[in-house]
Number of protein chains: 2
Amino acid sequence: MTSTTTTTTAREPVTRARAIQAAVALADADGIESLSMRKLARDLGVEAMSLYYHVKSKDDILDGMIESVIDEMALPAADAEWKSALGERAESARRVLGRHPWAISMVDQRTTPTTMRHLDTVIGCLRHAGFSIAMAAHAMSLLDSYVHGFALQEASLPLDESGDIGATTEDILAQQGMTAAFPHLAEMGVELILQPGYAYGNEFAFGLRVILDGLEAAFTAEARSRA
Amino acid sequence: MTSTTTTTTAREPVTRARAIQAAVALADADGIESLSMRKLARDLGVEAMSLYYHVKSKDDILDGMIESVIDEMALPAADAEWKSALGERAESARRVLGRHPWAISMVDQRTTPTTMRHLDTVIGCLRHAGFSIAMAAHAMSLLDSYVHGFALQEASLPLDESGDIGATTEDILAQQGMTAAFPHLAEMGVELILQPGYAYGNEFAFGLRVILDGLEAAFTAEARSRA
DNA sequence: ATACATACCTTACATCGTATGGTACTTTCT
DNA sequence: AGAAAGTACCATACGATGTAAGGTATGTAT
């Protein structure tokens, strides 16, 4: 049944790619803090030390995990219209980071060819649209800060197991002296967050709009002053 | 010399506050990943398990550390002019998170009375200025996302020990095939980042301006439509 | 004098990343 | 054919980690 004479379905051989893929799955399911070489090895049907044949270190795995996350993000075409291109990239990045919250505080830290390729393409799109180098840097800094920061906030919402924020919000509001001590927070909880249909994720669109419009204004002002 | 009969300068007794303060200092100096109960105890002149008399767990220490970081941030007066108040709070938060980079990905996760007090005050300032609840939520989400995201990016810059980004940028640019593979990134490195006087921190002001102006426009539009 | 609270310590356990040094099996070379 | 080298795995061990369990000294209160 398992492995006879010829190569049958014994166990997929471990590879760097398979290890990284399994590590991403483990981190998605149980959180990054519970990703250990031993657990990862077990998932791959192997002992911990065997991983080191395919991978330099745990850090190496983390690098690979970030690369795979970056690769999930939509990259705009170099000649795309800049505003919609940046908007779609931002939405895509937010969705991807929502799927892999453990990656949020790591994407900026780990510089790999994949992340550089990504950055280079976005800068290229802006330059192609006529942005100066300085304005392109402004735009990237602003937009990426917003996207990563929003993902960070969204990932730390006290959601219950069904992904709803209502129940935990009610719990917090029900605490003794809560509404007296924090009246504005309580008001926002009752009048906004607990309203049917409210989802924090919807806040993303507002900020994205503000930022893109602001960038457009700054860009056209720059173009006009150059003429 | 050390401790004779009467109480002399033997050792300050450990308290929760002193433990937290020492933990912050340790994390600032060596990074959060090297903060352990044993090292912290050593810094306090005590054994690891003695800390548990003053503190519930390591997690309890982390909560206290975040509270102390939040307390470093400037809180606007409730009746302050909203735009400058939000701007000053943002600048202050960024400075504080710059001093304690380990706190960036933790501030949103740990909800303590201190953080709620902080949030409540800022919401109060906006409501006092005439913001609707929904617009106040928009403003907070946008601004805090930006500040935290920017801090995250700033904290992960490859600075050398003197805090300069130039040397490491040069190293990266000097890598084989770098300028060919990533022309726009290389251009930005040479034409912007390596220029004398450039500091990534200065990018913060641009984004903050865009966001505050955008919020003002949205706020006045909301007020007008209500009239 | 007895009791209790306070502040510390010792030991021990499970878990972590990984250094070191194996063991099999397969491919390549002569 | 036999020898050598390469490939993929495993067992053991070390020094770290957080903390449970159960001491041991000093108080201070009765």
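Within each chain, residue numbers correspond to sequence positions counted from 1 in written order. Throughout, the order in which chains and ligands are written sets their labels, letters from A for the former and numbers from 1 for the latter. Since the coordinates come from a predicted model, pLDDT governs what is reported: local features require at least 70, and pairs of side-chain atoms require 80 or more to be given and counted, while whole-chain, interface and lining totals use all residues. As a rule here, side-chain values cover all heavy atoms of the structure and leave hydrogens and water aside.

### Some thoughts on the protein's contact with DNA strand C
Only a single heavy atom is needed: when it lies within 4 Å of a molecule or strand, its residue is near that molecule or strand. Taken together, 17 residues are adjacent to DNA strand C, and Arg38 of chain A together with Arg11, Glu47, Ser50 and Tyr53 of chain B come closest. Within 4 Å of the protein, the atoms of DNA strand C are drawn from sugar and phosphate moieties in a proportion of 53%. Within the side chain of serine 50 of chain B, a nitrogen or oxygen atom sits 2.6 Å from a phosphate oxygen of DNA strand C. Here a polar contact is taken to be a pair of N or O atoms separated by no more than 3.5 Å, where protein atoms must pair a possible hydrogen donor with a possible acceptor and residues adjacent in sequence count only if both atoms sit in side chains. Measuring from a phosphate oxygen of DNA strand C, one finds a side-chain N or O atom of histidine 54 of chain B at 2.7 Å.

### Digging into the environment of glycine 45 of chain A
Strands here mean DSSP runs of E at least two residues long; helices mean DSSP runs of H or I at least four residues long; both are numbered from the N terminus. With respect to the helices and strands, glycine 45 of chain A occurs in the loop between helix H2 (37–43) and helix H3 (58–72). Along the sequence, glycine 45 of chain A and glycine 207 of chain A sit 162 residues apart, while their C-alpha atoms lie 45 Å from each other.

### Focus on the domain arrangement of chain A
Accessible area lost upon the coming together of the parts serves often as the stated size of an interface. For the domains described, the bounds stem from an automatic or database domain assignment. When the domains of chain A are assigned, the result is domain 1 (1–55) and domain 2 (74–226). One C-alpha centre belongs to domain 1 of chain A, the other to domain 2 of chain A, and the line joining them spans 34 Å.

### So, the pattern of salt bridges
Salt bridges are defined by distance alone: a side-chain nitrogen of Lys or Arg within 4 Å of a carboxyl oxygen of Asp or Glu. Taken as a whole, this structure holds 20 salt bridges over all chains when the rule is applied. Glutamate 187 of chain B is paired through a salt bridge with arginine 127 of chain A; the nearest N and O atoms lie 3.0 Å apart. Of the two residues, glutamate 187 of chain B is situated in helix H10 (residues 183–193) and arginine 127 of chain A in helix H6 (residues 113–128); the pairing between them involves two chains. The rule is simple: take the accessible area with a 1.4 Å probe, protein chains only, and divide by the maximum for that residue type; under 20% is buried, over 50% is exposed, in between is partly exposed. Take arginine 127 of chain A: its relative accessible area is 27%, and that puts it in the partly exposed class. Here arginine 110 of chain B and aspartate 59 of chain B are joined by a salt bridge, their closest N and O atoms 3.2 Å apart.

### Points about the interface of chain A and chain B
If you look at the interface, chain A gives 50 residues, while chain B gives 50 residues. Carbon and sulfur atoms make up 71% of the surface buried where chain A meets chain B, a total of about 4300 Å² over both sides. Counting every contact that joins chain A to chain B gives 2 salt bridges. Summed over the shared surface of chain A and chain B, the number is 20 residue pairs in polar contact (both at pLDDT 80 or more). Only helix H5 (104–107), H6, helix H7 (133–155), helix H9 (178–181), helix H10 (183–193) and helix H11 (203–226) of chain A provide two or more residues apiece to the side of chain A that touches chain B. Of the residues forming the side of chain A that touches chain B, the biggest block, 17 residues, is contributed by H7 of chain A. Three classes are used: nonpolar for Ala, Val, Leu, Ile, Met, Phe, Trp, Tyr, Cys and Pro, charged for Asp, Glu, Lys and Arg, and polar for all others, with Gly counted as polar. In the side of chain A that touches chain B, the residues fall into 29 nonpolar, 13 polar and 8 charged. Residue contacts follow a heavy-atom distance rule, with two residues in contact if any of their heavy atoms lie within 4.5 Å. Two parts placed together each lose some accessible area under a 1.4 Å probe, and adding up what both lose gives the buried area.

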